[in-house]
Amino acid sequence: MDSLKLLSSPKIFWHKSVVKKQDREIALGQKGCVIWLTGLSGSGKSTLACKLDQALLSRNKLSYVLDGDNLRHGLNKNLDFSVKDRAENIRRVGEVAKLFADAGLICITSFISPYRNDRNLCRKLLPPGDFIEEVYLKVPLSICEKRDPKGLYKLARAGKIKGFTGIDDPYEEPYDCEITMGVENGTPEEMATTVITFLDGRGYLAPPITM
Ligand SMILES: Nc1ncnc2c1ncn2[C@@H]1O[C@H](COP(=O)(O)OS(=O)(=O)O)[C@@H](OP(=O)(O)O)[C@H]1O
Ligand SMILES: Nc1ncnc2c1ncn2[C@@H]1O[C@H](COP(=O)(O)OP(=O)(O)O)[C@@H](O)[C@H]1O
């Protein structure tokens, strides 16, 4: 019974893992954490997530990208863009990211995540220090709309998509994010370097120190 702890439901128990997070981190030579990218559609989240993933791999660090478009093809395919479903989308992402961080990986999430409360709930879900970075891609709507790589803004302006973030649905800017970046911060590669410098400075690209 040592490894069993009673949860809030009397019928569901928590089974403790024998291999600890720290053991996995030592094996991987890094610390598990979550980098949360947020911003409007077209602000560059997926591009930055990919650059980060590549830059980390080139340093022999293991990361994994959870991307809004991709998760909505599978795990979250039953969710729409209502306030309630966006909240559920982000809650599930937070739970999955928590597992990835526990596995010792650097988990990069790329979701509009328009509501402050949903983002803060994910922050609270993770042990202190694991949710290390909220990166806000502060790109004006006019620029995102000009980019419009999927033609969605055009459809939203034409009224063919309802509830599109930035057009007829809100985006709540972060008050307290760790990094804010915009078009003035250079290329996606340069932005990835900024994030990696931050990670390095906080010791996430080295294994934990054990006594
Ligand atoms: N109504 C509406 N509003 C916003 N975005 C929409 C909408 N409908 C479809 N899309 C496409 O879905 C992508 C956003 O999915 P997310 O899971 O990141 O959204 S959210 O965090 O739940 O708000 C988003 O992808 P990105 O452009 O990569 O952000 C869009 O391509
Ligand atoms: N820093 C940047 N400067 C200029 N264009 C960019 C930058 N980052 C991304 N882009 C371009 O903007 C468009 C949207 O980028 P994307 O990463 O798909 O955004 P999101 O995932 O936030 O929707 C793409 O065409 C991409 O090439």
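Up top you'll find the structure we're talking about.
All figures in this text were calculated on a predicted structure; none of them were measured in a lab.

Conventions we followed
Residues numbered from 1 in each chain as written. Chains lettered and ligands numbered in written order. Predicted model: local features only at pLDDT ≥ 70, side-chain atom pairs only at ≥ 80, totals over all residues. Heavy atoms only, no water. Buried < 20%, exposed > 50% of the residue type's maximum accessible area, 1.4 Å probe, protein only. Helix = DSSP H or I, 4+ residues; strand = E, 2+ residues; numbered from the N terminus. Arc of directions from axis to C-beta. Contact = heavy atoms within 4.5 Å. Core = buried A, V, L, I, M, F, W, Y, C linked by side-chain atoms within 4.5 Å. Axes fitted to C-alpha atoms, helices over the stretch in contact; angles between N-to-C directions. Parallel < 35°, antiparallel > 145°, perpendicular 65-115°, else oblique. Left-handed = near helix turned anticlockwise from the far one by under 90°. Nonpolar A, V, L, I, M, F, W, Y, C, P; charged D, E, K, R; others polar. Pairing = 2+ DSSP bridges. Near = heavy atom within 4 Å. Polar contact = N/O pair within 3.5 Å; in protein donor to acceptor, adjacent residues only side chain to side chain. Areas by Shrake-Rupley, 256 points an atom, 1.4 Å probe, with all protein chains shown as cover. 1 Å grid on protein atoms, 1.4 Å probe; cavity = no way out; pocket = protein on both sides within 12 Å on 5 of 7 lines; lining within 4 Å. Sits in = over half its atoms within 2 Å of the grid points.

Colleague: Tell me about helix α5 (residues 116–125), and name the residues and values.
Modeller: All of the buried residues in α5 are Asp118, Arg119 and Cys122. Buried residues in α5, looked at end-on, bunch into an arc of 100°, giving them a common side. Those residues of α5 that are exposed and aimed more than 90 degrees away from the buried face are Asn117 and Lys124. Here the buried face of α5 lies against β3 (33–38), α4 (83–102) and β6 (131–137).

Colleague: Explain the nonpolar core to me, and be specific about the residues and the numbers.
Modeller: Soluble globular proteins tend to bury their nonpolar side chains together. In terms of nonpolar packing, the biggest core is built from 24 residues, with Ile35, Leu48, Ile108, Val135, Met181 and Leu199 touching the most fellow members. Of all the elements in the fold, those that place two or more residues in this core are β3, α2 (45–58), β5 (106–110), β6, β7 (179–181) and α8 (188–201). Take this core: its biggest share by element is six residues, from α8. Excluding anything up to four places from it in sequence, Met181 contacts Leu48, Val135, Tyr136, Leu137, Lys138, Met191, Thr194 and Val195. Counting residues in each nonpolar core, the second largest holds 14 residues, with Val93, Val96, Cys107 and Phe111 among its members.

Colleague: For the packing of α2 against α8, give the residues involved together with the corresponding values.
Modeller: For the pair α2 and α8, the least separation of the axes is 9 Å and the interaxial angle reads 60°. The angle between the axes of α2 and α8 places the two elements in the oblique class. Both α2 and α8 take part in a crossing whose hand is right-handed. Contacts between α2 and α8 involve Thr47, Leu48, Lys51, Leu52, Ala55 and Leu56 on the former and, on the latter, Pro188, Glu189, Met191, Ala192, Val195, Ile196 and Leu199. Of the residues that constitute the contact of α2 with α8, the class distribution is 10 nonpolar, one polar and two charged.

Colleague: Go over the pairing of β3 with me, naming the residues and quoting the values.
Modeller: Counted residue by residue, β3 has six buried out of six residues, so it is predominantly covered. Across the two faces of β3 the burial is the same, with Cys33, Ile35 and Leu37 and Val34, Trp36 and Thr38 all buried. Across five bridges, the pairing between β3 and β5 is parallel. Considered in β5, the bridge of Ile35 is made with Ile108. As judged from the five bridges shared by β3 and β6, these two strands associate in the parallel manner. Directly across from Ile35, in β6, lies its bridge partner Glu133.

Colleague: An account of the packing of α4 against α5 is needed here, citing residue identities and associated values.
Modeller: Across the interface, α4 lies against α5 with an axial gap of 9 Å and an inter-helix angle of 20°. On the basis of their axis angle, the class for α4 and α5 is roughly parallel. Here the hand of the crossing between α4 and α5 comes out right-handed. Contacts from Arg86, Ala87, Ile90, Arg91, Gly94, Glu95 and Lys98 of α4 reach α5 at Asp118, Cys122 and Leu125.

Colleague: Give a description of the site of ligand 2 that names residues and reports values.
Modeller: Around ligand 2 there are 13 residues in total, and Gly42, Gly44, Lys45, Ser46 and Thr47 lie nearest to it. Contact between ligand 2 and Thr47: an oxygen atom at 2.5 Å from a side-chain N or O atom of the residue. Against a free-state accessible area of 560 Å², the protein chains account for coverage of 69% of ligand 2. Judged by the fraction of its atoms near the pocket grid, ligand 2 is located in the largest pocket.

Colleague: Break down the site of ligand 1 for me, citing the residues and quoting the values.
Modeller: Around ligand 1 lies a shell of 20 residues, among which Ser41, Arg72, Arg86, Asn89 and Ser113 are the nearest. Arg72 is positioned such that a nitrogen or oxygen atom in its side chain is 2.8 Å from an oxygen atom of ligand 1. Backbone polar atom of Thr165 to a nitrogen atom of ligand 1: 3.4 Å apart, as the coordinates give it. When the free accessible area of ligand 1 is taken as 630 Å², the share hidden by the protein chains comes to 92%. Under a 2 Å grid-point criterion requiring more than half of the atoms, the pocket assigned to ligand 1 is the largest pocket. It is α4 that contributes the most residues to the shell around ligand 1, three residues altogether. Split by residue class, the shell around ligand 1 holds seven nonpolar, seven polar and six charged.

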